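Coordinates in review
Chain residues, written in single-letter form:
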Amino acid sequence: MAIQRTFSIIKPDATARNITGKIISKFEDAGLRVVASKRIHMTRAQAEGFYAVHKERPFFGELVEFMMSGPVVVQVLEGEDAVAKNREVMGATNPADAAEGTIRKEFALSIGENSVHGSDAPETAAEEIKFFFSDDEIVG
Ligand code: CMP
């Protein structure tokens, strides 16, 4: 498997608890390298646009409000098989189902306030990276 890039968000529940460093350490310990990072406060347009794929889901309104509720850290992670590796490190979407040692098992509060987002496929990763970063903001 070649070197890949994936997209990550450290969500408002995690920035509120000042655990961004602990989460980034989990990525780095797994061999993922942060090649772009910024702390932003998402606008409604950004939150709705980013999660547009979920707009028919019953939790969409709640998801958008949550993602606008405080700062987030958007990042590009690079490494061998980065998309799958990041998903492994994050653990299952619902922390109740997440494996021991994963970010969501350790830090997530609920399925909504689940501390991190990560791309689900290389194609999605490319789109999500482009949504928040220009090429010159990514330094590998
Ligand atoms: P994320 O990986 O960011 O992608 C979509 C998000 O919707 C997901 O993580 C969850 O945090 C959020 N979400 C909120 N409620 C639900 C739910 N009932 N089922 C699935 N996802 C949910």
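Notes on the structure in this doc start here. (Residues numbered from 1 in each chain as written. Predicted model: local features only at pLDDT ≥ 70, side-chain atom pairs only at ≥ 80, totals over all residues. Heavy atoms only, no water.)

Regarding unusual backbone geometry
Note the cut-off: A helix here means a DSSP run of H or I that spans at least four residues, while a strand means a run of E at least two residues long, and both kinds are numbered starting from the N terminus. Buried means the residue's accessible area, taken with a 1.4 Å probe over protein chains only, is under 20% of the maximum for its type, while exposed means over 50%, and partly exposed covers the values in between.
One non-glycine residue, N18, adopts positive backbone phi at about 60°. With respect to the element layout, N18 can be found in the loop between α1 (12-16) and α2 (20-29). N18 sits in the exposed class, given a relative accessible area of 69%.

Re helix α4 (residues 60-67)
The condition that has to hold: This arc is taken over the directions from the axis of the helix to the C-beta atoms. In this description, contact between two residues means that some pair of their heavy atoms is separated by no more than 4.5 Å.
Those residues of α4 not exposed but buried are F60, L63, V64, F66 and M67. Buried residues of α4, seen end-on, are gathered within an arc of 165° and therefore sit on one face of the element. Buried residues along α4 sit against β1 (3-10), α1, α3 (44-50) and β3 (72-80).

Quick look at α2
Buried residues of α2: T20, I23, I24 and F27, and no others. Buried residues of α2, viewed axially, fall in a sector of 95°; they line one side. For α2, the exposed residues set more than 90 degrees away from the buried face come down to K22 and D29. Phi for G31, located one or two positions after α2, is positive at around 95°.

Re the site of the ligand
The following threshold applies: A cutoff of 4 Å decides nearness: a residue is near a molecule or strand if any of its heavy atoms lies inside that distance of it. Here a polar contact is recorded for every N or O atom pair within 3.5 Å, except that within protein the pair must consist of a potential hydrogen donor and a potential acceptor, and residues adjacent in sequence are included only if both atoms are side-chain atoms.
Every residue close to the ligand is listed here: K11, Y51, H54, F59, L63, T93, R104, I111, G112, N114 and H117. Separating an oxygen atom of the ligand from a backbone N or O atom of I111 is a distance of 2.8 Å. H117 places a polar side-chain atom, nitrogen or oxygen, 3.1 Å from an oxygen atom of the ligand.

Observations concerning the environment of S115
Tracing the sequence through the fold places S115 in the loop between α6 (103-107) and β4 (116-118). When its relative accessible area of 0% is taken as the criterion, S115 is described as buried. When the C-alpha atoms of S115 and A14 are compared, they prove to be 5.2 Å apart, with 101 residues separating the residues in sequence. Those residues within four positions of S115 in sequence are excluded, and the remaining contacts are I9, I10, K11, D13, A14, R17, I23, F107 and A108. Within the local environment of S115, its side chain forms a polar contact with the side chain of D13, the two groups lying 2.8 Å apart.

So, the environment of S69
Along the chain, S69 falls in the loop between α4 and β3. For the pair formed by S69 and V83, sequence separation is 14 residues and the distance between their alpha carbons is 27 Å. Apart from the residues within four sequence positions on either side, S69 is in contact with P12 and H41.

Everything listed is a geometric property; what it means functionally is a separate question.
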